[in-house]
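In case you want the letters, here they are:
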Amino acid sequence: MRLIGLMSGTSLDGVDAALVDFDAGGRPSLAGLHQHPYSASLAQRLRALTGETPLQAVLAVDAELAGVYAAAVEALLSQTGAEAGGVDAIALHGQTIWHAPQAEPPVTCQIGDPSRLAQATGITVVADFRQRDLAAGGEGAPLAPLFHSAMFAADHARCVVNIGGISNVTVLGPGGEILRGFDTGPGNTLLDGWIRRHRGEPFDTAGQWAASGRVDGDLLAALLANPYFRRPPPKSTGVEQFNMDWLDDALEGDRPAADVQATLSALTACSIAEAIQTWGGDPADLVLTGGGALNNDLCRRLADELPGLAVCQSDSAGFPATAVEPVGFAWLGRAALLGEAVDTGLVTGASRPVTLGGIYPG
């Protein structure tokens, strides 16, 4: 089978599109990768969406995103020379604008109208992955650990850490047995927000600005006091909790902007490290994926927090850091097309295995 996986995360930088071929045993190989940026206007409107945003505005962005996803698919097909008729399906995560698994009732919302995407491309779309997990009593996220278990198995225990806007960790036993997976807290979202506010840049390239500052111990302690970090898994979070308003509430007095950036880098590294030390078992190594894996300062801080633990990039396993999530959703999309149930119980807390994703015919 051949699928396209589309992932747009809480960093709001754009769409990662992967063309993925599956052999008869379901093993994926990456046939093409395209990063399709959001316009500055769209990214700004997405950041402005809250629970108070009028429904008309939300639906307008929902429809617009479908067009952006279609453009990403078209660009990927053009780049690889592949034909739309040779693609079995598009696996669409969608753009998360609200994730509240602890609400009553639990809810999650990803926009980017899959019906419009199917109509625009003529390709079947698999979407709504989180909703079925939530319906089965799970947190709805993270779902990446399922793919991590299948692709990063080793003969020893290991952890796989995905650093996107929000970070998550997958704890694997020898042979790839999944022991647990959960969101650890902020990844790039606060780092991106702070540099955007103070320097007008979308992200801190290689963590250079953070590396120029000094960690503010008092601020770091205040941020790490958030009870989410001590809550046992299964758990998931998002920008509803860890956002710039939350950071502003912790800031008192004037601090050098570079020092705050350094402190936010330390926050991501420390929260990941503490999660691994508390719930990660005894891993022999750590595999990094996601955009944060390209942040040299953040990777250095994480390695310093976990001395003696070998840290490597997902590239060594055949998947570039930015490809892992879109390939993972292509993998989940294939399972949906085949009607295969996946067991998320040890990750999200779902009560039973279910087939994730709704199918929208092309």
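This section reports on the structure supplied with the text. (Residues numbered from 1 in each chain as written. Predicted model: local features only at pLDDT ≥ 70, side-chain atom pairs only at ≥ 80, totals over all residues. Heavy atoms only, no water.)

1. Quick notes on the overall build of the chain
Next up, step 1: A tally of regular secondary structure across the chain gives 13 helices and 13 strands.
Next up, step 2: What you see for the chain is a C-alpha radius of gyration of 19 Å, in line with the 21 Å of a compact globule of 362 residues.
Next up, step 3: Dimensions of the chain, computed from C-alpha atoms along their principal axes, come out at roughly 55 × 50 × 40 Å.
Next up, step 4: Every one of the 362 residues in the chain was classed for burial, and the buried ones make up 56%. (Helix = DSSP H or I, 4+ residues; strand = E, 2+ residues; numbered from the N terminus. Rg over C-alpha atoms; globule rule 2.2 N^0.38 Å. Buried < 20%, exposed > 50% of the residue type's maximum accessible area, 1.4 Å probe, protein only.)

2. Section: the packing of aromatic side chains
Next up, step 1: Applying the stated criterion across every chain yields a total of 8 aromatic pairs.
Next up, step 2: Seen in terms of ring centroids, Phe182 and Trp279 are 5.7 Å apart; in terms of plane orientation they differ by 85°. Their pairing is edge-to-face. Pair noted here: Phe182 is in strand 10 (residues 178-186) and Trp279 is in helix 10 (residues 257-279), with a separation of 97 residues, a long-range link.
Next up, step 3: Phe182 gets classed as buried once you look at its relative accessible area, which sits at 0%. (Phe/Tyr/Trp six-rings, centres within 6.5 Å; stacked < 30°, edge-to-face > 60°.)

3. So, the layout of surface pockets
In this approach the atoms are scanned with a rolling probe the size of a water molecule, which exposes any empty space left behind.
Next up, step 1: Its volume calculated, the second largest pocket comes out at about 610 Å³.
Next up, step 2: Taken together, 25 residues line the second largest pocket, and the ones lying closest to its centre are Leu12, Arg47, Val239, Asn243 and Met244.
Next up, step 3: Considering each element in turn, the lining of the second largest pocket owes the most residues, 6 residues, to helix 6 (residues 189-199).
Next up, step 4: Its residues placed into classes, the lining of the second largest pocket shows 10 nonpolar, 9 polar and 6 charged. (1 Å grid on protein atoms, 1.4 Å probe; cavity = no way out; pocket = protein on both sides within 12 Å on 5 of 7 lines; lining within 4 Å. Points joined across faces, edges and corners; volume = space filled by probe spheres on them. Nonpolar A, V, L, I, M, F, W, Y, C, P; charged D, E, K, R; others polar.)

4. Describing the packing of helix 5 (residues 144-151) against helix 12 (residues 324-337)
Next up, step 1: In the contact formed by helix 5 and helix 12, the axes pass within 9 Å of each other and the chain directions differ by 90°. Between helix 5 and helix 12, the crossing angle belongs to the class labelled roughly perpendicular. Residue-level contacts link Ala144, Leu146, Phe147, His148 and Ala150 of helix 5 to Val324, Glu325, Val327, Gly328, Trp331 and Leu332 of helix 12.
Next up, step 2: Here the contact of helix 5 with helix 12 is built from residues that sort into 8 nonpolar, 2 polar and 1 charged. (Axes fitted to C-alpha atoms, helices over the stretch in contact; angles between N-to-C directions. Parallel < 35°, antiparallel > 145°, perpendicular 65-115°, else oblique. Contact = heavy atoms within 4.5 Å.)

5. Comments concerning the pairing of strand 12 (residues 310-313)
Next up, step 1: As paired strands, strand 11 (residues 285-289) and strand 12 are joined by 4 bridges and run parallel to one another. For Leu286, the partnering residue across the bridge sits in strand 12 and is Val311.
Next up, step 2: As a crossover connection, the stretch from strand 11 through helix 11 (residues 296-305) into strand 12 is right-handed. (Pairing = 2+ DSSP bridges. Right-handed = clockwise from strand over helix to strand, strands pointing away.)

6. Things to note about helix 2 (residues 55-80)
Next up, step 1: Under the 1.5 Å per step criterion, the end-to-end length of helix 2 is 38 Å for 26 residues, consistent within 8% with the ideal 38 Å.
Next up, step 2: Taken residue by residue, helix 2 has Val58, Val61, Asp62, Leu65, Ala66, Val68, Tyr69, Ala70, Ala72, Val73, Leu76 and Leu77 as its buried positions. (Expected span 1.5 Å × (residues − 1).)

7. Description of the pattern of salt bridges
Close approach of charged atoms allows side chains of opposite charge to pair.
Next up, step 1: All told, the structure shown has 11 salt bridges when counted by the stated rule.
Next up, step 2: One salt bridge connects Arg199 with Glu201, and the closest N-O pair in it is separated by 3.8 Å.
Next up, step 3: For Arg199, a relative accessible area of 43% translates into the label partly exposed.
Next up, step 4: Asp297 is the salt-bridge partner of Arg300, the closest N and O atoms lying 3.0 Å from each other. Linking Arg300 with Asp297, this pair stays in helix 11, spanning 3 residues, or about one helical turn.
Next up, step 5: We classify Asp297 as buried; its relative accessible area is 4%.
Next up, step 6: Via salt bridges that share partners, Asp297, Arg300, Arg301 and Asp304 belong to a single interconnected network. (Salt bridge = Lys/Arg side-chain N within 4 Å of Asp/Glu carboxyl O.)

8. Observations concerning helix 1 (residues 40-48)
Next up, step 1: Among the residues making up helix 1, those that are buried are Leu42, Ala43 and Leu46. For helix 1, the angular spread of buried residues about the axis comes to 100°, placing them on one side. Turned more than 90 degrees off the buried face of helix 1, the exposed positions are Ala40, Gln44 and Ala48. (Arc of directions from axis to C-beta.)

9. Side note on the pairing of strand 1 (residues 2-7)
Next up, step 1: Most of strand 1 is tucked away, with 5 of its 6 residues classed as buried.
Next up, step 2: Strand direction decides the pairing type here: strand 1 and strand 2 (residues 14-22), joined by 6 bridges, are antiparallel. In the strand pairing of strand 2, Gly5 is matched with Ala18.
Next up, step 3: With 4 bridges connecting them, strand 1 and strand 4 (residues 89-92) associate as parallel partners. Residue Ile4 lies in a different strand from strand 4, and its bridge partner there is Ile90.

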